[in-house]
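What follows is the residue order along each chain.
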Amino acid sequence: MEYAYLSIAELRQLLDDKKVTSVELTKYFLARIKKSDVNAFITVDEEKALAEAKVADEFISSPGENPLLCGIPYAAKDLFCTAGIRTTAASKILDNYIPPYDSTVIRKLKTQKAVLLGKTNLDQFAHGSSGETSAYGPAKNPWDKTRMPGGSSSGSASAVTAGLAPFALATETGGSIRLPSSFSGNTGWKPTYGRVSRYGVIAMGSSLDSPGVMANSAEDAAALAEIIAGQDEKDSTTGPIEVPSYFKNLSKNIKGLKIGIPKEYFVEGIEDGVRKRILDGIDVLKNLGAEIVNVNLPNTKYGSLVYAIIAPSEISSNLAKYDGIRFGHTTTAAKDLMEVYTKSRAEGFGDEAKRRILTGTYVLSAGYYDAYYKKAQKVRGLIIKEFEEIFKKVDVLVCPSNPGVAQKLGHAADDPLFGYIVDQLHIPSSLAGLPALAFPCGFSRPTDGETPSMDGLPVGLQVIGPQWGEQKVFNVGYAYQQATDWHKKHPTN
C-alpha cells in the first residue's frame, strides 16, 4: 500500500486498526527518502527513527487511547534542536553540533510519540528565500527539479511535496513557510507570533521568528497546530492564550465571513497566470458565501524596507555568539586570538549570513541606531496599527502568496534582491506577528500564463488573520480545499 500523501487522520486509523505498524510506516518513508533526488534532508537517522517507531508500536499495542501522532513519521527543519541528532542550521559553522536538549516543539511531538525521520535542508540560518544559501546544496522543487522549492524552509517543503514525510516542522521570519509552501504546492501554517514556542529553535530574528508546519491540507495543519501551540515557561514571548481545538472546530461554512482583498498585494509584475488562479480562488470563496471586501493597506510598501533594517539587526545580535570559542566552528589556521574570531567566522558563515551580519552591525552602531533602527521600529508600529484597523472591518485577508511560479535554481544568486522582492507579500504581516495559511489554488505555466496545467507549477493563495485568529484562517483553507481538489495534486500523480 502507498502511504505517501495520506492524511494524518487516515494514518492514525491504519495504525489503530493494526493494518500497518509504525516500524513499517517508518521504513516506507525512509525508503522514499533514499530514492529521492530533491536534497530535502541534511541528516537522516534511521536507527533512532526505527527505535522511536518500535516504542510507538509498543504503546499502540497497550490498552488505552493513542495520541493523534503516535507512530506517525515526520521531518523537522534543521533549526529545531534535537537531543543527540546533529543540528546544523545548514551552516558549516555548526556542521558537527549535536544538541544536548530538544526544542519545546520537538519535545511536544516526542510526548505524542511521533517518529522523527530526519532534519531538513534550508537556507543557511534561514537567510534566504530560495534554499540556495544552504552549505549542503539547494533542495529542489519536486514539480521541476531545475527549480527552487522556495525558502528558507526549502527542505521541509520538498519533503512534504515529494511524499517523503506526512508533515514537516518549519519556521518563518518573513515568508519562509508561506513562500515555499506556495512554490512547492503544499499547505503551510505560519502562526501568530508567540503562539508556538521558539525555545530550542536556532534564532534568526527574535521578534519575528515563528515555528509552524507544512502538511498536505489545512485539516492536517489545524490538527498539528493544536498540538504544538501553547504557552511555554521557557519562552517569555509565548502568550497566555488558551489553545482552541482547531481541528475539532474546523468548519467549511464560511457564509457571511468578510474577506478583505488588499489592493497593494496584487503587485505590479505579477504573472498573468498567477493572477488568474488567485482571482479564481477568490471566486471559489465568494461562491461559498463569503463577502468580498476591497481594502487598502498603504503602509505595505514600507514592509520590506523596515524588515531590511530590523531583521539584519537581530541577525547580527543572534549570530555574535558563533565566534569559534563559545559556539561553532573553530579555525585551525589562527596565529592569535583575533584570527580565531575572524577566520572561524569567515570559514563558517556563508556569503548571505556575512552580508546580513555586516548590515545589522552597521545599523546598530553608534550614530546610526536612531537614524535607522529606531525609525524602522516606529514604522513597524504603524504597520501593526494599520492591520488592527483593517481587522475591525474584515475577518481575514486573502491575496497571492507568490507573484510568480518557482524560479530556476540560480536565479537568486544572480539577483541578490530576489528575496526582498517576493517578501513584500509576506513581510508586513510577519512584522505585525499575524497568523497566515498558504495553500495551492491551481497551476500555471510560466510560458503561457493563462493556461492551468498539471505540467505547470503550483500557485499559492494565502489567508492572513488577526492576532490569535488561527481558527479563521484554518476554516477558510479548509472550506476552499473541501470545495476543490487542488491540494490533492502531487508530483507523483
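Structure's up top.
Here we summarise the structure given alongside this text. (Residues numbered from 1 in each chain as written. Predicted model: local features only at pLDDT ≥ 70, side-chain atom pairs only at ≥ 80, totals over all residues. Heavy atoms only, no water.)

### Let's talk about the overall build of the protein
- A count of helical and extended segments in the protein gives 16 helices and 11 strands.
- Computed over C-alpha atoms, the radius of gyration of the protein comes to 21 Å, within 12% of the 23 Å expected from 2.2 N^0.38 for 493 residues, which places it in the range of a compact globule.
- In terms of overall dimensions, the protein has a C-alpha envelope of 65 × 55 × 45 Å along the principal axes.
- Within the protein, buried positions represent 60% of all 493 residues.
- In the protein, 77% of the contacts between residues at least 6 apart in sequence involve partners at least 24 apart. (Helix = DSSP H or I, 4+ residues; strand = E, 2+ residues; numbered from the N terminus. Rg over C-alpha atoms; globule rule 2.2 N^0.38 Å. Buried < 20%, exposed > 50% of the residue type's maximum accessible area, 1.4 Å probe, protein only. Contact = heavy atoms within 4.5 Å.)

### Comments concerning the side chain of D78
- Assignment of secondary structure puts D78 in the loop between β2 (73-77) and α4 (104-111).
- Note on D78: relative accessible area 0%, which makes it buried.
- Polar side-chain contacts of D78 include one of 2.6 Å to the side chain of T88.
- Those residues in contact with D78, other than ones at most four positions away along the chain, are I42, R86, T87, T88, A89, A90, K119, T120 and L122. (Polar contact = N/O pair within 3.5 Å; in protein donor to acceptor, adjacent residues only side chain to side chain.)

### Quick look at the pattern of salt bridges
- Taken as a whole and judged by the stated rule, the model has 20 salt bridges.
- What you see here is one network of salt bridges that share partners, running through K276, R277 and D280. (Salt bridge = Lys/Arg side-chain N within 4 Å of Asp/Glu carboxyl O.)

### Things to note about unusual backbone geometry
- A cis amide bond links G151 with the next residue in sequence, S152, at an omega value of 10°.
- Non-glycine residue Y5 carries a positive phi angle of around 75°.
- Inspection of the secondary structure puts Y5 in the segment before α1 (8-16).
- The buried category is assigned to Y5, whose relative accessible area is 17%.

### Points about the packing of aromatic side chains
- In this structure the tally under the stated criterion is 17 aromatic pairs.
- With a centroid separation of 6.3 Å and 45° between ring planes, the pair formed by Y362 and Y372 is classed as tilted. Of this pair, Y362 sits in helix α11 (residues 351-364) while Y372 sits in helix α12 (residues 369-390), and the two are 10 residues apart along the sequence.
- Of the aromatic side chains, those joined through ring pairs into one cluster are F125, Y322, F327 and F349.
- Here the guanidinium or amino end of K489 rests over the ring plane of W486, the centre of that ring lying 5.3 Å away. (Phe/Tyr/Trp six-rings, centres within 6.5 Å; stacked < 30°, edge-to-face > 60°. Lys NZ or Arg CZ within 6 Å of the ring centre and 35° of its normal.)

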